[in-house]
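The lines below spell out each chain.
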Amino acid sequence: MIHKNFFLLSFFLGISNLISAQHSLSLNIDGVTSEEGNICFAIYTNESSFLKFDEVFKSGSCKAVKGNNAFQITDLPDGDYAIAIFHDANGNQNLDTNILGIPKEQLAFSKSKMKMFGPPKFEECVFTLKSNMEMKISLQ
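The residue count restarts for each chain, going from 1 along the sequence in the order it is written. Since the coordinates come from a predicted model, pLDDT governs what is reported: local features require at least 70, and pairs of side-chain atoms require 80 or more to be given and counted, while whole-chain, interface and lining totals use all residues. With hydrogens and water excluded, all non-hydrogen atoms of the structure serve as input to the side-chain values.

Participant: Help me out: how do you make sense of the pattern of salt bridges in this one?
Facilitator: In a structure, side chains of opposite charge can pair up when their charged atoms sit close to one another. Salt bridges, as used here, are contacts in which a Lys or Arg side-chain nitrogen is within 4 Å of a carboxyl oxygen on Asp or Glu. Summed over all chains, the structure comprises 1 salt bridge. Residues Lys 136 and Asp 30 are paired through a salt bridge, measuring 3.4 Å at the closest nitrogen-oxygen approach. Of this pair, Lys 136 sits in strand S8 (residues 133-138) while Asp 30 sits in strand S1 (residues 22-32), and the two are 106 residues apart along the sequence. When a residue's accessible area, from a 1.4 Å probe over protein chains only, is under 20% of the maximum for its type it is buried; when over 50% it is exposed; and in between it is partly exposed. The exposure class assigned to Lys 136 is exposed, which follows from its relative accessible area of 63%. The class for Asp 30 is buried, based on a relative accessible area of 14%. Under the scheme used here, helices are H or I runs from DSSP no shorter than 4 residues and strands are E runs no shorter than 2 residues, and both carry numbers assigned from the N terminus.

Participant: Explain the state of the cysteines here, please?
Facilitator: Formally, a disulfide is one covalent bond, and it connects the sulfur atom of one cysteine to the sulfur atom of another. The definition used for a disulfide is geometric: two cysteine sulfur atoms within 2.5 Å. Taken as a whole and assessed by the stated rule, the structure comprises 0 disulfides. Unpaired in this structure, Cys 40 has its nearest cysteine sulfur neighbour in Cys 62, at a distance of 8.4 Å.

Participant: Where do I start with the nonpolar core in this structure?
Facilitator: The tendency in soluble globular proteins is for nonpolar side chains to be buried side by side. Core analysis: the largest hydrophobic core is formed by 21 residues, its most contacted members being Leu 27, Ile 29, Ile 39, Ile 83 and Ile 85. Mapped by element, the contributors of at least two residues to this core are S1, strand S2 (38-44), strand S4 (67-77), strand S5 (79-88), strand S7 (127-129) and S8. The element best represented in this core is S1, accounting for 4 residues. Contacts were defined at the residue level, with two residues in contact if any of their heavy atoms lie within 4.5 Å. When sequence neighbours within four positions are dropped, the list of residues in contact with Ile 29 reads Ile 39, Gly 67, Asn 68, Asn 69, Phe 71, Ile 85, Ile 137 and Leu 139. Within this scheme, the nonpolar core is defined by two criteria: the residues are buried Ala, Val, Leu, Ile, Met, Phe, Trp, Tyr or Cys, and they are joined through side-chain atoms within 4.5 Å.

Participant: Is there a simple way to think about the layout of surface pockets in this case?
Facilitator: Using a probe with the size of a water molecule, rolled over the atoms, empty space left in the structure can be pinpointed. Approximately 740 Å³ is the volume attributed to the largest pocket. Considering the residues around the largest pocket, the lining is formed by 33 residues, among which Phe 53, Ala 84, Phe 86, Leu 95 and Leu 107 are closest to the centre. Top element by residues in the lining of the largest pocket is S2. It accounts for 4 residues. Think of a 1 Å grid over just the protein atoms. A cavity is a set of points where a 1.4 Å probe fits yet cannot get out, a pocket is an open set with protein on both sides within 12 Å along at least five of seven lines, and lining residues have an atom within 4 Å of a point. Grid points are joined across faces, edges and corners, and a volume is the space filled by probe spheres set on the points.

Participant: Where do I start with the sheet that holds S4 in this structure?
Facilitator: Strands in a sheet are paired, the pairing made by backbone hydrogen bonds, and the direction either parallel or antiparallel. For two strands to count as paired, DSSP must find a minimum of two bridges between them. As summarised here, the arrangement of the 3 strands in space is S4-S1-S8, forming an open sheet in which the pairing is mixed. Every interior strand has two partners, whereas the edge strands, S4 and S8, have only one. Strand after strand, the sheet turns through a mean of 20 degrees between neighbouring axes, direction not considered. Examined bridge by bridge, S1 and S8 share 6 bridges and lie parallel to one another. Axis definition: a line fitted to C-alpha atoms, over the contacting stretch in the case of helices. Angles run 0 to 180 degrees between N-to-C directions.

Written out as structure tokens, the structure is:
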């Protein structure tokens, strides 16, 4: 009886570890034109929240380094994600745009680029995370 209970306990602990698996995403950002300001990222988990500042799943920033920047995002469960990144060169924590709404600061997305008439859609940027992953993104 004790062996059976131990086996069941071990089984359920193993299942719970698989269900709550957390992963890290290493981002390599290239094309940064200056060391001014920060590189900011926002991670989204669905189409309805994509590019809405109040519905970001996870966000952060690091000091800009001219050329290549790298940082790691941790504690991400299995799932579908899309990332938006921009170089906040003036450090105001906003993506600055001109009067027409065209970004004045460098910008990039996971798996996609800006379109001529606006940002890509969530489904154009989405990727599936099932284990630790590295991703390279080039700022435009």
